[in-house]
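Listed below, chain by chain, are the residues.
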Amino acid sequence: MQALTEPLRRVAKITETIKSVASAPANEEAQTVVVAEPAIPALLWFATYPAGYMIMFGGAVVLSLFLMASGNLIYERIIHAMPTLTDKKKALRLLYAVEREVSGYLFTLTAINAGVGAAIGLGLWAIGMSNPLLWGLLAFVLNFIPYAGPLTGACLAAVSAVVTFPSLGYALLAPAIYTMVVTIENQLVSPYVLSRRLEINSVAILLAFAFFAWIWGIGGIIVSVPLLVTLRVFALHVERLRPVGDFLSESSPAILSEDSSRPAAQSSVQM
């Protein structure tokens, strides 16, 4: 929230300065208020922005290692906290469902990124680009980073193609192929496959992308779908949250069952 509150703090400071000048005695000379924006903090922000994400990534890796080393400790503590045997069974089913759904999402995302890397590698190989296998591997890795990863890959492909090919028009084929493959994956393949594999409607996935990107930026986009999957599993296992689970699902079983029962009910009334 610091990025949002800092401009408001500056406006408040300028307002206080203007008030103090306006309330000065009339016989004093008017003061000139000059607001200067230093360039060094902006440069420091651009320099520390990637470093902040690297620190968060390192912390996530360390946390993951500790979680894997703990084994089933978290599961045991959650189940032990449940008061009755029924609640313990429900909590265990919920944990297994979350694990299964999130693992399925990660596997699907890895398969999609592998397909993107293979398509980009074959496309660059077809136009005579050097090291197509390396470009395919690079596209596979960068595609895990939403927006910034594909943009970086397309820029690198453009620079390498300009150096490799003698004609500028022919060199533009490399970034064009990269951009076309990534665009098809982002706009068509990923929403369709993820909605089918996770049984979550594509509108909810796009809304999750937009919401968590607004809150956390690139990091929010990365964790948006796992959080959405976890929310859907919780909602389907908790009776009061079941309408939320039905909203996130690809189809609503309650509505379908109600619609399917209407013809039978109407026929019985007519009889």
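Residues numbered from 1 in each chain as written. Predicted model: local features only at pLDDT ≥ 70, side-chain atom pairs only at ≥ 80, totals over all residues. Heavy atoms only, no water.

A. Region of the structure containing the overall build of the protein. When helices and strands are counted, the protein shows 12 helices and 0 strands. Starting at the N terminus, the α and β elements of the protein follow one another as α-α-α-α-α-α-α-α-α-α-α-α. Across the 271 residues in the protein, those meeting the buried criterion constitute 25%. Within the protein, residue pairs in contact and separated by at least 24 positions form 57% of the contacts whose partners lie at least 6 positions apart. Counting only carbon and sulfur atoms, one obtains 71% of the accessible surface of the protein, whose full area is about 18600 Å². (Helix = DSSP H or I, 4+ residues; strand = E, 2+ residues; numbered from the N terminus. Buried < 20%, exposed > 50% of the residue type's maximum accessible area, 1.4 Å probe, protein only. Contact = heavy atoms within 4.5 Å. Areas by Shrake-Rupley, 256 points an atom, 1.4 Å probe, with all protein chains shown as cover.)

B. Here's a closer look at unusual backbone geometry. Of note in this structure, Asn-131 is not a glycine but carries a positive phi near 55 degrees. Here Asn-131 is to be found in the loop between helix H4 (85-126) and helix H5 (132-142).

C. Inspection of the confidence of the model for the protein at higher detail. The share of residues in the protein with pLDDT of 70 or more is 77%, and the mean pLDDT across the chain is 77. The secondary-structure element of the protein with the lowest mean pLDDT is helix H12 (residues 253-270), recorded at 44, while H5 shows the highest, at 91. Contacts of residues 254-271 to residues separated by more than four positions or lying in other chains number 2 contacts, the stretch itself having pLDDT below 50. (pLDDT = per-residue confidence, 0-100.)

D. Here's a closer look at the side chain of Glu-101. With respect to the secondary-structure elements, Glu-101 resides in helix H4. For Glu-101, which is buried and forms no salt bridge, the nearest opposite charge comes from Arg-100, at a distance of 4.6 Å. Setting aside residues no more than four positions away along its own chain, Glu-101 makes contact with Leu-198, Val-229 and Val-233. (Lys, Arg positive; Asp, Glu negative; His and termini not counted. Salt bridge = Lys/Arg side-chain N within 4 Å of Asp/Glu carboxyl O.)

E. The arrangement of a nonpolar patch on the surface in detail. On the surface, Phe-211, Trp-214, Ile-215, Trp-216, Ile-222, Val-223 and Leu-227 cluster together into a nonpolar patch covering about 710 Å² of accessible area. Elements that contribute at least two residues to the nonpolar patch include exactly helix H9 (202-216) and helix H10 (218-237). Per-element tally for the nonpolar patch: the top contributor is H9, with 4 residues. (Patch = residues over 30% accessible without salt bridge, like charges linked within 9 Å, V, L, I, M, F, W, Y side chains within 5 Å.)

F. A look at the packing of H4 against H5. Contact geometry of H4 with H5 gives a least axis separation of 7 Å together with a crossing angle of 150 degrees. Overall, the two elements H4 and H5 adopt an arrangement that is roughly antiparallel. Every pair of crossing elements has a handedness; the one defined by H4 and H5 is right-handed. On H5, the residues that touch Thr-110, Asn-113, Ala-114, Gly-117, Ile-120, Gly-121, Leu-124 and Trp-125 of H4 are Pro-132, Trp-135, Gly-136, Ala-139 and Phe-140. Taken together, the residues of the contact of H4 with H5 break down into 8 nonpolar, 5 polar and no charged. (Axes fitted to C-alpha atoms, helices over the stretch in contact; angles between N-to-C directions. Parallel < 35°, antiparallel > 145°, perpendicular 65-115°, else oblique. Left-handed = near helix turned anticlockwise from the far one by under 90°. Nonpolar A, V, L, I, M, F, W, Y, C, P; charged D, E, K, R; others polar.)

G. Highlighting the packing of aromatic side chains. Applying the stated criterion across every chain, the model contains 6 aromatic pairs. Each ring, one from Tyr-75 and one from Tyr-96, has its centre 6.0 Å from the other, and the planes form 75 degrees; the classification is edge-to-face. Of this pair, Tyr-75 sits in helix H3 (residues 73-81) while Tyr-96 sits in helix H4, placing them 21 residues apart in sequence. You can call Tyr-75 partly exposed: its relative accessible area is 22%. In this structure Tyr-96 comes out as partly exposed when scored by relative accessible area, which is 42%. Consider the rings of Phe-212 and Trp-216, whose centres lie 5.8 Å apart with planes at 35 degrees: the pair is tilted. (Phe/Tyr/Trp six-rings, centres within 6.5 Å; stacked < 30°, edge-to-face > 60°.)

H. Structural view of the pattern of salt bridges. In the structure shown here, the tally under the stated rule is 1 salt bridge. For Arg-242, the salt bridge is made with Glu-239, and the minimal N-O distance between the two is 3.7 Å. By relative accessible area, which is 60% here, Glu-239 ends up exposed.

I. A look at the layout of surface pockets. By volume, the largest pocket is sized at about 1700 Å³. As for the largest pocket, its lining consists of 38 residues, and the residues nearest its centre are Ala-60, Ser-64, Leu-106, Ile-222 and Val-223. Going through the elements one at a time, helix H2 (40-70), H3, H4, H5, helix H6 (148-164) and H10 are the ones with two or more residues in the lining of the largest pocket. Of the residues in the lining of the largest pocket, the class split is 28 nonpolar, 9 polar and 1 charged. (1 Å grid on protein atoms, 1.4 Å probe; cavity = no way out; pocket = protein on both sides within 12 Å on 5 of 7 lines; lining within 4 Å. Points joined across faces, edges and corners; volume = space filled by probe spheres on them.)

J. Inspection of the packing of H5 against H6 at higher detail. Following both chains from N to C, one finds H5 and H6 inclined at 155 degrees, their axes separated by 8 Å at the closest point. Taken as axis vectors, H5 and H6 run roughly antiparallel relative to one another. At the point where H5 passes H6, the crossing takes the right-handed sense. Contact residues: Trp-135, Leu-138 and Leu-142 in H5; Gly-149, Pro-150, Thr-152, Gly-153, Leu-156, Ala-157 and Ser-160 in H6. Looking at the contact of H5 with H6 residue by residue, the classes come out as 6 nonpolar, 4 polar and no charged.

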